[in-house]
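Structural overview
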Amino acid sequence: MTFKTLDDLTDIAGKRVLVRVDLNVPVKDGKVTDATRIERVAPTILELSKKGAKVVLLAHFGRPKGEPVADQSLGMIVPAVKDVLGQPVAFGEDCIGDKAKAAVDALKNGDILLLENTRFHKGEEKNDADFTKALAANGDIYVNDAFSAAHRAHASTEGLAHLLPAYAGRTMQAELEALEKGLGNPKRPVVAIVGGAKVSTKIDLLSNLVKKVDALVIGGGMANTFIAARGTDVGKSLCEHDLADTAKQIMIDAATAGCAIILPEDGVVAREFKAGADNETVSIEAIPADAMVLDVGPKSVEAVNAWISRASTLVWNGPLGAFEIAPFDAATVAAARHAAARTKEGALISVAGGGDTVAALNHAGVADDFTYVSTAGGAFLEWMEGKPLPGVEVLQQK
Ligand SMILES: Nc1ncnc2c1ncn2[C@@H]1O[C@H](COP(=O)(O)OP(=O)(O)OP(=O)(O)O)[C@@H](O)[C@H]1O
Ligand SMILES: O=C(O)[C@H](O)COP(=O)(O)O
């Protein structure tokens, strides 16, 4: 890689370093339920703090559409960041303007400050020049350690690198090196599993992904969109009906590329999205109109595991079901454990990524058994497609 790293940052005592991190972590009832993303950025933060920098963290949380939203404030993440770092972490109620300036001005050398959600301003996602300038006003140096947000050309992930001396953080470096090592020249057959809930932002990636892999297993909310596109009624399931044409085109692209598409044959359906909800397993062709598919069923798990057994390389983003609420974690846990066992036997290179995917592997107790677990979901899939990631590209130009 040709970018500058923290090794190139000397004499930074007293310098204000803006560090873009990804704190888009799973949260339940205001508490962080999986701290992996925080743990991964801790080395960069602590190294800068030890070198005497004034460390100013920038991050987004959720998708608040450019307006402050109370339950998407980064304030609720501060206790978890403090726990992981073992150091005090101050909080600034805005990421630009007087509030941000006052919070940054109050820092002493080595102090750590987290500023409020960058997505509370429309300028963030637009990569707006004035907003980027307002962010840059509080820093002397920019470090990007948010590989998992590097597929976004936003002010804090891309724009800032044009205004301040820019460096890659330790996690950014480690992620790129590990992905290159594990997947740079993958052993075939390569099987990808894509599930989860971010259908509209990930579906477009699949047309390129099917050209890179031998089989694509689709689960989670993503599968419902494909099943509906085929003309099957998915009841009240999470589904983006307006993406039916995209889904159909991906199936055509996959056939052209010789990539098998594996959709669920059965599903576990419920009428409520809550732990322990009454549920039943039905054929995917017989989803009741008033129910939603919250997990793929046992026959589908068998098929997924058979593909994992055939694979030499597995790439996984997005859980197969709503794994946070039992019993809808069953398929994700079963497939994760099977992939982990094959990896431990030395038969499989397994690379998984994504905020919730990491949480799901931790839930299944197998995150340490995978070859590599990336913090990135969408960014990981785009990297896999071979797409340039704006947040990485801009560092390489420096
Ligand atoms: N059938 C389903 N119905 C509703 N939600 C589902 C279903 N299957 C999975 N999910 C939800 O998908 C979410 C995770 O999807 P997501 O695409 O965000 O994955 P991720 O690993 O976090 O990737 P990224 O890092 O890109 O966000 C989980 O919260 C899970 O409950
Ligand atoms: O969770 C992620 O994948 C990253 O934090 C990016 O989030 P986004 O998909 O809302 O841009």
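Note that this is a predicted model, so its numbers are computed, not measured.

Conventions and cut-offs
In this convention, every chain numbers its residues from 1, walking through the sequence in written order. Chain labels run from A onward and ligand labels from 1 onward, assigned in the order the entries are written. Local features in this predicted model are restricted to residues of pLDDT 70 or higher, and side-chain atom pairs are both shown and tallied only at a pLDDT of 80 or more, whereas totals for entire chains, interfaces and linings draw on every residue. Where side-chain values are given, they derive from all heavy atoms of the structure, hydrogens and water being excluded. When the centres of two rings from Phe, Tyr and Trp lie within 6.5 Å, Trp using its six-membered ring, the rings pair. Their planes under 30 degrees apart give stacked, over 60 give edge-to-face, and anything left gives tilted. Here, a charge over a ring is recorded when the distance from Lys NZ or Arg CZ to the ring centre is within 6 Å and its angle to the ring normal is within 35 degrees. UniProt positions are given in the numbering used here, feature names are shortened, and annotations may be inferred rather than shown by experiment. Put plainly, a pocket is an open set of points on a 1 Å grid over the protein atoms alone with protein on both sides within 12 Å along at least five of seven lines, a cavity is a set where a 1.4 Å probe fits but cannot get out, and a lining residue has an atom within 4 Å of a point. The helix and strand labels rest on DSSP assignments: H or I over at least four residues marks a helix, E over at least two residues marks a strand, and numbering proceeds from the N terminus. Residue contacts are defined here by distance: any two heavy atoms, one from each residue, within 4.5 Å place the two residues in contact. Identification of polar contacts relies on pairs of N or O atoms within 3.5 Å, with a donor-acceptor requirement for protein atoms, meaning one able to donate a hydrogen and the other able to accept it, and with residues adjacent in sequence counted only if both atoms are side-chain atoms. Buried, partly exposed and exposed residues are distinguished by accessible area as a fraction of the type maximum, computed with a 1.4 Å probe on protein chains only: under 20%, between the cut-offs, and over 50%, respectively. Any helix carries an expected span of 1.5 Å times its number of residues minus one. Put simply, a salt bridge is a Lys or Arg side-chain nitrogen that is within 4 Å of an Asp or Glu carboxyl oxygen.

**Considerations on the packing of aromatic side chains**
Across all of its chains, the model carries zero aromatic pairs by this definition. For Arg-310, the ring lying beneath its charged end belongs to Trp-307, and the centroid distance is 4.3 Å.

**A closer look at the UniProt feature "binding site: (2R)-3-phosphoglycerate" (unreviewed entry) in the protein**
Those places that UniProt annotates as "binding site: (2R)-3-phosphoglycerate" (unreviewed entry) correspond, in this numbering, to Arg-37, Arg-119 and Arg-152. Taken from the residues named earlier, the lining of the second largest cavity is made up of Arg-37. Inspection of the secondary structure puts Arg-37 in helix H1 (residues 36-50). When near neighbours in sequence (up to four residues on either side) are disregarded, Arg-37 contacts Asp-22, Asn-24, Val-25, Ser-148, Gly-354, Gly-355, Thr-375, Ala-376 and Gly-377. Polar side-chain contacts of Arg-37 include one of 2.7 Å to the backbone oxygen of Asn-24. As for its placement among the helices and strands, Arg-119 is situated in the loop between strand E6 (112-115) and helix H4 (122-126). With a relative accessible area of 5%, Arg-119 lands in the buried category. Non-local contacts of Arg-119, meaning those with residues more than four positions away in its chain, are made with His-60, Gly-62, Arg-63, Pro-64, Lys-65, Gly-66, Glu-67, Glu-124, Glu-125, Arg-152 and His-154.

**Looking at helix H11 (residues 244-257)**
Across its 14 residues, H11 extends 20 Å between first and last C-alpha, which sits within 8% of the 20 Å expected from 1.5 Å per residue. Turning to H11, its buried residues are Ala-244, Ala-247, Ile-250, Asp-253 and Ala-254. Buried-residue contacts for H11 involve helix H9 (205-209), helix H10 (220-229) and strand E11 (260-262). Just downstream of H11, Gly-258 is the residue with a positive phi angle, here 75°.

**Thoughts on the pattern of salt bridges**
Inspection of the entire model under this criterion finds 16 salt bridges. Salt-bridge contacts for Arg-37 lead to Asp-22; the nearest nitrogen and oxygen are separated by 3.4 Å. One end of the pair, Arg-37, is in helix H1; the other, Asp-22, is in the loop between strand E1 (16-20) and strand E2 (27-28), with 15 residues separating them in the sequence. The burial state of Arg-37 is the same as that of Asp-22; both residues are buried. In this structure, Glu-125 and Arg-119 form a salt bridge, with 3.9 Å as the shortest nitrogen-oxygen distance. Counted as one network, the salt bridges with shared partners bring together Asp-7, Glu-47, Lys-51 and Arg-170.

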